[in-house]
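# Residue-level structural notes
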Amino acid sequence: MPINTSAGTMSVFDKTSGTSGITIGSALMSQMATPTQPITQIPSTAVPTDLQNIGAMLNNMGTVLNKGANMTIADLTPFFVADPGFGINGGMTAFQVMTLLQLSVPTLIAQGTITQMSNVTFVGNSPVGGYKISFFVRFSDGSMTMSNMTFSDEMVVAKNASNAWQFKGNGHRSLLFNNMLTQQWQITATTSQTEAGLIFDMMDVENAFKSAVATGPGLPSPGGVMFIKEPGNPILFVMSASNNSLPTMESTFFTMPDATISSLPDNAPVIFSFYSSLPPRNNPMEQRTMIYPKRCLTRAEAAGTSGVFPIVTPAGNLNTHSFSTMMNNMMGGMMGGMMSMNFTYTTPTALPFAMMTADFNISSSTFSNEAIQTLPLNRTSMTMRMQGPTTAPTTGTGTLNITATDIFGRNVGTAWMFQ
């Protein structure tokens, strides 16, 4: 069982068929602490064969995903249990999940083609049937992302009548993309702000819930953190009462003092309870647990020249913190055309980072738009484009946010502010 000290992983090999062996499973060392839930027993003879066959299915799917914008629903259909047998996955049917992949995969593979689906790990038996698994998606530029950050927070696979492995719904109505985050805002040339804590990104595709509560290490006790639906948006949850004053993400970023963050254990469990009413609430309709392998970095750990944050610099005449100047320079007098945000970026030097993404958004009283893009690790510059307004707004805010994610799923971000 070789240990990779750089990646923080340990792999298990089946050497019954040769001296070199075949990888039958791999996991992060951080996830090998005392489990918070009972370990599900499965027949030992099934483990090597099942994991190898699941890995083969995933790599076949990777070939299909590499089609990018040319990928069709028909291409994806063999990898999913057909509706209605699929059930629900984060509130979505199989068709809805495949449609979401159609929309998101071109952005996902922008940093390079998928080279391998690896580190397939058995997480447990699923109550809806089949195995809960996790895996890494590796790209040609050297980056990688984890399945619970890319496809769903909980992946389930099951055998069909032909003994082929397919994805099945996880039975959950909620869709969770929460993570530990350390964030820096470059507000002006001389002003910045750094915060750290938990970023909550929860979706309710079916609009089945009205409120939610999160409880766990670092969160208020008793009571936890309460969430309601974002005004005017029946899908997204926001904190009912923000505990911070931030340039952006105020309603979803729960900031914590450095002392609290330092006390958080590895594999910290946070319980999410979803309710069908506003307070006073009835019993939860759904309750789930997310495990955070590592805490976020404290403000002290991210201070000064620590090398924690990615560096972002808008290029040329976009190198400004003025919203109106940025808008005029991006539009170049062409109202209603495509706007281009050119910038350079560098990766953090102090983290075992796995991938990077860029989020550029503009918000004013007359115009709002957003562009999201993955960033190749083997490049240092990027151009993001979005549809522009018919009339240039003179007041508003804009943010170019570069986020680096490490191998434990922690995020560190640098936001260049226009205001």
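Scroll up for the structure.
Below is a short write-up of the structure. (Residues numbered from 1 in each chain as written. Predicted model: local features only at pLDDT ≥ 70, side-chain atom pairs only at ≥ 80, totals over all residues. Heavy atoms only, no water.)

### A closer look at the nonpolar core
For clarity, the cut-off: Put simply, buried Ala, Val, Leu, Ile, Met, Phe, Trp, Tyr and Cys residues joined by side-chain atoms within 4.5 Å make one nonpolar core. Only protein chains enter the area calculation, which uses a 1.4 Å probe; residues under 20% of their type maximum are buried, those over 50% are exposed, and those in between are partly exposed. In this text, helices come from DSSP runs of H or I with a minimum length of four residues, and strands from runs of E with a minimum of two, each type numbered from the N-terminal end. Residue contacts are counted whenever heavy atoms from the two residues lie within 4.5 Å of one another.
Counting 36 residues, the largest nonpolar core has Leu58, Leu65, Leu76, Phe80, Phe135 and Phe167 as the members making the most contacts within it. Only α1 (46–65), α2 (73–76), α3 (94–108), β4 (114–125), β5 (131–139), β7 (155–159) and β8 (165–168) provide two or more residues apiece to this core. Top element by residues in this core is α1. It accounts for 7 residues. In contact with leucine 58, other than residues within four places in its own chain, are Met117, Val120, Ile133, Phe135 and Phe167.

### Topic: α3
What counts, and what does not: Expected helix span is computed as 1.5 Å times (number of residues minus one). Bend at a given residue is defined as the angle between two axes, one fitted to the seven residues that end at that position and one fitted to the seven that begin there.
For α3, which comprises 15 residues, the first-to-last C-alpha distance of 20 Å matches the rise-based estimate of 21 Å (1.5 Å per residue) to within 8%. The sharpest bend along α3 reaches about 30° and sits at glutamine 102, with the proline proline 106 one to four residues further on. Within the span of α3, buried status applies to Ala94, Val97, Met98, Leu101, Val105 and Leu108.

### Things to note about helix α6 (residues 323–331)
Here is the rule: It is the directions from the helix axis to the C-beta atoms that the arc portrays.
Looking at α6, one finds that the buried residues are Phe323, Met326, Met327, Met330 and Met331. Viewed along the axis of α6, the buried residues span an arc of 115°, placing them on a single side of the element. Buried residues along α6 sit against β20 (338–346), β21 (353–363), β24 (397–406) and β25 (411–418). Just beyond α6, the residue with positive phi is glycine 332, at close to 55°.

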